[in-house]
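# Coordinate analysis (summary)
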Amino acid sequence: MIVVSDTTPLSELAKVDQLNLLFRVYGEILIPKEVYDEVTTGNHPAISQVKAVDWIRIQAVRQPHRVAELQNTTRLGKGECAAMILAEEYQADQLLIDDLDARRVALSRNLPVVGN
C-alpha cells in the first residue's frame, strides 16, 4: 500500500506523541520534500519525531513544475500541492490530508483522500 501524507497529519499526531499510529495503520509513509521542509522547520513539534523514524520516506516530486502550477491555480500551500502531485505520480492508495479546500481539490483529481 502506498500512502502519501501532508504536513498536518504528521504534525498533529506528533503534538500528542502518537506519530507511530501512522506506522501501525499504514506502515511506510511517503512525504514530498516540501512537506519534510515544513515539518522540520522552526520549533515544529514533529521535528525530532519525524527525523527519528525510518518508516517516513522523503520522496522528491518527479515533475516539480506541476506543484507550482497546482499552487497557482488553487492557492493551496506548497506542501499540500506537493503531496497531491506525489500521490498522483505514485498512484497512491491513500492521501492523508486534512484541509477542507485541499481535500476538495484532491477529490476533484480522483485521489483517495483520508482526513477530516
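Overview of the structure. These figures come from a predicted structure and were not determined experimentally.

Time to look at the packing of aromatic side chains. Under the counting rule described, the total for this entry stands at 1 aromatic pair. Look at Phe23 and Trp55: their rings are 5.5 Å apart centre to centre, the planes differ by 35°, and that puts the pair in the tilted class. Of the two residues, Phe23 is situated in helix α2 (residues 20-26) and Trp55 in the loop between α4 (47-52) and β3 (56-59); the sequence distance between them amounts to 32 residues. Judged by relative accessible area, Phe23 falls into the partly exposed class, the value being 42%. On the basis of relative accessibility, which here comes to 7%, the residue Trp55 falls in the buried class. Lying across the ring of Tyr90, Arg62 places its NZ or CZ 4.5 Å from the centre.

As a further point, take the environment of Thr7. Residue position: Thr7 is located in helix α1 (residues 7-15). Of the residues examined, Thr7 reaches a relative accessible area of 9% and is grouped as buried. Excluding its chain neighbours within four sequence positions, the residues that come into contact with Thr7 are Val35, Glu38, Val39 and His44. A polar contact of 2.4 Å, which involves the side chain of Thr7, links it to the side chain of Glu38.

Inspection of the entire model under this criterion finds 6 salt bridges. As a salt-bridge pair, Lys33 and Asp37 come within 2.6 Å of each other at their nearest N and O atoms. Taken together, the positions of Lys33 and Asp37, both in helix α3 (residues 33-39) and 4 residues apart, correspond to about one turn of that helix. Of the charged contacts in the structure, one is a salt bridge between Arg104 and Asp101, with a shortest N-O distance of 3.6 Å. Taken together, the residues span about one helical turn, with Arg104 and Asp101 both in helix α7 (residues 100-108) at a distance of 3 residues.

What counts, and where the lines are drawn
Residues numbered from 1 in each chain as written. Predicted model: local features only at pLDDT ≥ 70, side-chain atom pairs only at ≥ 80, totals over all residues. Heavy atoms only, no water. Phe/Tyr/Trp six-rings, centres within 6.5 Å; stacked < 30°, edge-to-face > 60°. Helix = DSSP H or I, 4+ residues; strand = E, 2+ residues; numbered from the N terminus. Buried < 20%, exposed > 50% of the residue type's maximum accessible area, 1.4 Å probe, protein only. Lys NZ or Arg CZ within 6 Å of the ring centre and 35° of its normal. Contact = heavy atoms within 4.5 Å. Polar contact = N/O pair within 3.5 Å; in protein donor to acceptor, adjacent residues only side chain to side chain. Salt bridge = Lys/Arg side-chain N within 4 Å of Asp/Glu carboxyl O.

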